[in-house]
Amino acid sequence: MTEQNGDFAFLPLGGTGEIGMNLNLYRLGETWLAIDCGIGFSGNDTPEAEILVPDPTFIVERRDQLAGLVITHAHEDHIGAVAHVWPLLQCPVYVTPFAGSVLRRKLGEARLLNEVPIHVIPCGGTFDVGPFNLEFIPVTHSVPEAQSVVLRTPHGIVVHTGDWKLDPEPLVGPPTDIKRLKEVGDEGVLALVCDSTNVMKPGPSQSEGEVRRSLTELIGNLKGRIAVTCFASNVARVESIAMAAQAAGRTVVLVGRSLRNLDVSARECGYLSGVLPFLNEQDVNDLPDDQVVMIITGSQGEPRSALSRISLDIHPNISLGEGDTVIYSSRMIPGNERAIMAVQDNLSRRGVRVITDREHFVHVSGHATGDDVSTMYDLVRPQFAVPVHGEWRHLTAHAALAQDKHITPILLEDGDILRLAPGKAEVVDTAPSGRLALDAGRLLPMNGGVLAARRKMLFNGMVIASFAVDDEGFVIGEPKVSAPGLLDPDDLESVRVREEFANAIDVIPDELRGDDQAFRDAAKTALRRALGRKLQKRPLVDVHVLRV
Ligand SMILES: [Zn+2]
């Protein structure tokens with residue numbers, strides 16, 4: 001690729017498309033800076049992988065030129081891949097105190113805590129990373145301490161918003177620092193790289209403060225046990241639920257590991273100081289039904305979550321039924337609808353009343369609406385608008401909004417290298433981009449052998465045959481054939497396949513029996529033939545030949 005000396009470029013490696021997982025790169029001359037490194041949850045099109053990360057190969061190949069990784073906030077789609085990708089990058093990481101607390105726990109679990117150089121930057125702080133002069137600007141979002149990043153370079157200033165919204169009453173942390181954004185706008189901004197998630201929503205953002213008042217009224221009027229599920233990282237919401245519970249004379253119990261982790265990080269950083277310590281789920285049964293509110297994980301229908309288990313009445317400590325209420329103080333993330341509905345259905349079947357944001361005002365989004373984005377352009381007044389973080393229809397709607405404000409939009413796809421300056425701003429090259437699956441702690445290419453095999457197994461099953469041979473390659477004893485996911489062992493078809501396979505390997509030509517690879521290939525062909533056409537499937541086939 002062409003790497004012109006001394007230019008300033010932007011390269012998104014994740015964050016456009018259906019599954020948002022953010023990995024943004026900026027280049028100044030020969031030096032790279034990364035902003036955010038997140039995971040995404042797989043949709044229906046990739047059932048063989050649960051968690052995805054942006055393929056970092058491009059920057060891994062240039063890691064000597066990577067000055068650092070800056071994290072804008074502690075959401076999984078911005079911070080979740082750090083512990084998995086960092087060993088490939090080996091660069092310093094810059095975080096706010098809260099994101100640092102969340103990150104340290106993740107690194108601890110990955111046994112990396114003492115290896116990663118973490119620099120904690122105060123909210124609104126300025127710092128240098130290589131040749132980049134950076135400034136955090138506090139913004140409101142559905143997690144504490146979200147920051148926009150100002151990149152100052154000899155070629156101009158970029159404001160990278162991260163996830164944000166406008167909210168006069170964010171409850172936890174300060175409102176978006178409008179004054180500072182305007183001051184940066186006064187300096188003259190080359191480009192605004194901005195969140196597009198909710199750009200198609202009209203009107204101003206609704207406030208977290210309004211949600212707190214609504215929840216307080218709702219919880220005050222309910223009888224029986226109450227469980228409220230929300231995103232575990234939303235400290236303001238957890239605080240709102242806890243305060244609503246306290247106002248109703250109810251004690252708060254936390255249920256689920258991710259909420260307990262959040263509680264630790266939040267209190268470590270001075271948040272949640274206005275609410276009493278939470279009780280554990282074991283304490284629920286010591287409390288009268290109308291004196292407890294449970295805050296619980298599982299708003300997205302995750303099958304192993306506490307709420308899913310309660311809906312099936314298989315939770316070890318908690319059961320809900322007639323007269324109880326579950327409030328979903330959250331939204332449905334696209335792709336999770338069926339799983340969420342299934343849990344809600346099971347709860348209803350047990351007699352539990354389910355309240356979602358369709359029936360009652362119990363949730364607001366953490367992302368900027370079209371009106372908010374419009375205000376951001378008025379403040380920052382950039383030369384170029386670079387919409388990120390959204391699907392194509394969001395990015396194009398965002399671009400149209402910028403155009404209306406006489407700002408030139410530039411639409412990018414993952415892998416596009418946008419030269420911002422000097423000269424005309426344009427896409428000058430393409431970097432390889434893609435996704436890796438995060439599978440039991442390992443990063444696997446989506447188009448690699450392991451996942452291709454799993455995809456095939458998922459729909460076609462697999463067949464494994466093994467048999468022993470002597471020195472000369474003649475079969476000893478009976479071969480064994482198993483077909484998990486395809487045939488039961490006592491199925492007549494299994495018996496037929498095994499017998500046909502046994503006959504076929506007996507007649508493999510002698511000259512192939514001396515060479516392990518040739519013998520194995522011939523046996524695989526024999527196994528495929530023995531399976532025949534009757535199954536109308538092409539399973540994954542493997543043969544083990546043991547020389548004894
Ligand atoms: Zn976020």
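Details of the structure are given in the entry above.
S.K.: It is not clear to me how a nonpolar patch on the surface should be interpreted in this structure. Could you clarify?
M.R.: A contiguous nonpolar patch, built from Ile476, Leu546 and Val548 and spanning about 280 Å² of accessible area, is present on the exposed surface. For Ile476, the location among the structural elements is in strand S26 (residues 475-482). Ile476 gets classed as partly exposed once you look at its relative accessible area, which sits at 38%.

S.K.: Sorry, what's going on with the sheet that holds strand S1 (residues 8-14) here?
M.R.: Each strand in a sheet pairs with its neighbour through backbone hydrogen bonds, running either in the same direction (parallel) or in the opposite one (antiparallel). Judged by pairing direction, the sheet is mixed, and its eight strands sit side by side in the order S8-S7-S6-S3-S2-S1-S21-S22 without closing on themselves. Every other strand in the sheet has two partners, leaving strand S8 (118-120) and strand S22 (426-430) as the edge strands with one partner each. Here the average twist between neighbouring strands, direction ignored, is 25 degrees. In the sheet, strand S7 (residues 93-95) pairs with S8 via three bridges, with the strands oriented parallel. Bridge pairing in S8 places Tyr94 opposite His119.

S.K.: Sorry if this is basic, but what is going on with unusual backbone geometry here?
M.R.: Glycine aside, negative phi is the norm for most residues, and most peptide bonds take the trans geometry. The omega torsion across Ala421 and Pro422 is 0 degrees, close enough to zero to call that bond cis. Within the fold, Pro422 resides in the loop between strand S21 (416-421) and S22. Of note, Gln90 is a non-glycine position whose phi angle comes to about 55 degrees, a positive value. Checked against the element boundaries, Gln90 lands in the loop between helix H3 (82-89) and S7. Looking at Gln90, the relative accessible area reads 44%, which means it is partly exposed. The phi torsion at Asp313 lies on the positive side, around 55 degrees, for a residue other than glycine. For Asp313, the location among the structural elements is in the loop between helix H9 (306-311) and strand S17 (325-328).

S.K.: Sorry if this is basic, but what is going on with the coordination of the zinc ion here?
M.R.: Ideal geometry at a metal gives 109.5 degrees between four tetrahedral donors and either 90 or 180 degrees between six octahedral ones. Binding of the zinc ion to the protein goes through His73 (NE2), His75 (ND1), His141 (NE2) and Asp163 (OD), at separations of 2.1 to 2.3 Å. Relative to the metal, the four donor atoms surrounding the zinc ion lie at angles of 90 to 166 degrees, and the coordination shape comes out irregular. In the primary sequence, the donor residues of the zinc ion line up as H-x1-H-x65-H-x21-D. Pair noted here: His73 is in the loop between strand S6 (66-70) and helix H2 (76-79) and His141 is in the loop between strand S10 (132-138) and strand S11 (147-153), with a separation of 68 residues, a long-range link. Here the two residues His73 and His141 agree in accessibility, since each one is buried.

S.K.: Help me understand the environment of Val129, please; the structure alone is not making it clear to me.
M.R.: Mapped onto the elements, Val129 comes out in strand S9 (residues 126-129). Using a relative accessible area of 1% as the deciding quantity, one classes Val129 as buried. On a C-alpha basis, the gap between Val129 and Val463 in space is 54 Å, while along the polypeptide they are 334 residues apart. If we skip the residues at most four places from it in the chain, Val129 touches Leu33, Ala67, Gly68, Tyr94 and Leu134.

S.K.: Which parts of the structure should I look at to understand the sheet that holds strand S23 (residues 435-439)?
M.R.: Pairing is antiparallel across the open sheet formed by four strands, whose spatial order is S4-S5-S23-S24. Two strands close off the open sheet at either side, each with one partner strand: strand S4 (40-41) and strand S24 (442-445).

S.K.: I tried to follow the pairing of S23 on my own but got confused; where do I start?
M.R.: If a strand is regular, its side chains alternate between the two faces of the sheet. Across the five residues that make up S23, a large majority, four, are buried. Hairpin geometry of S23 and S24 is characterised by an intervening segment of two residues between the two adjacent antiparallel strands and by a positive phi of about 50 degrees at Ala440.

S.K.: Can you help me understand the pattern of salt bridges in this one?
M.R.: Under the counting rule described, the total for this entry stands at 33 salt bridges. Between Glu183 and Lys179 there is a salt bridge, with its nearest N and O atoms 3.3 Å apart. Within this pair, Glu183 and its partner Lys179 are both found in helix H5 (residues 178-187), separated by four residues, close to a single helical turn. Arg419 is paired through a salt bridge with Glu426; the nearest N and O atoms lie 3.1 Å apart. According to the relative accessible area criterion, Glu426 is partly exposed, its value standing at 32%.

S.K.: Looking at this structure, how should I read the environment of Ala232?
M.R.: Examined against the element boundaries, Ala232 turns out to sit in the loop between strand S14 (226-229) and helix H7 (235-247). Accessibility expressed as a relative area gives 18% for Ala232, which makes it buried. On a C-alpha basis, the gap between Ala232 and Val184 in space is 33 Å, while along the polypeptide they are 48 residues apart.

What counts as what
Residues numbered from 1 in each chain as written. Predicted model: local features only at pLDDT ≥ 70, side-chain atom pairs only at ≥ 80, totals over all residues. Heavy atoms only, no water. Patch = residues over 30% accessible without salt bridge, like charges linked within 9 Å, V, L, I, M, F, W, Y side chains within 5 Å. Areas by Shrake-Rupley, 256 points an atom, 1.4 Å probe, with all protein chains shown as cover. Salt bridge = Lys/Arg side-chain N within 4 Å of Asp/Glu carboxyl O. Helix = DSSP H or I, 4+ residues; strand = E, 2+ residues; numbered from the N terminus. Buried < 20%, exposed > 50% of the residue type's maximum accessible area, 1.4 Å probe, protein only. Pairing = 2+ DSSP bridges. Axes fitted to C-alpha atoms, helices over the stretch in contact; angles between N-to-C directions. Donors = N, O, S within 2.8 Å, 3.2 Å for Na, K, Ca; no water. Tetrahedral: all angles 85-135°; square planar, octahedral: opposite > 155°, others 65-115°. Contact = heavy atoms within 4.5 Å.

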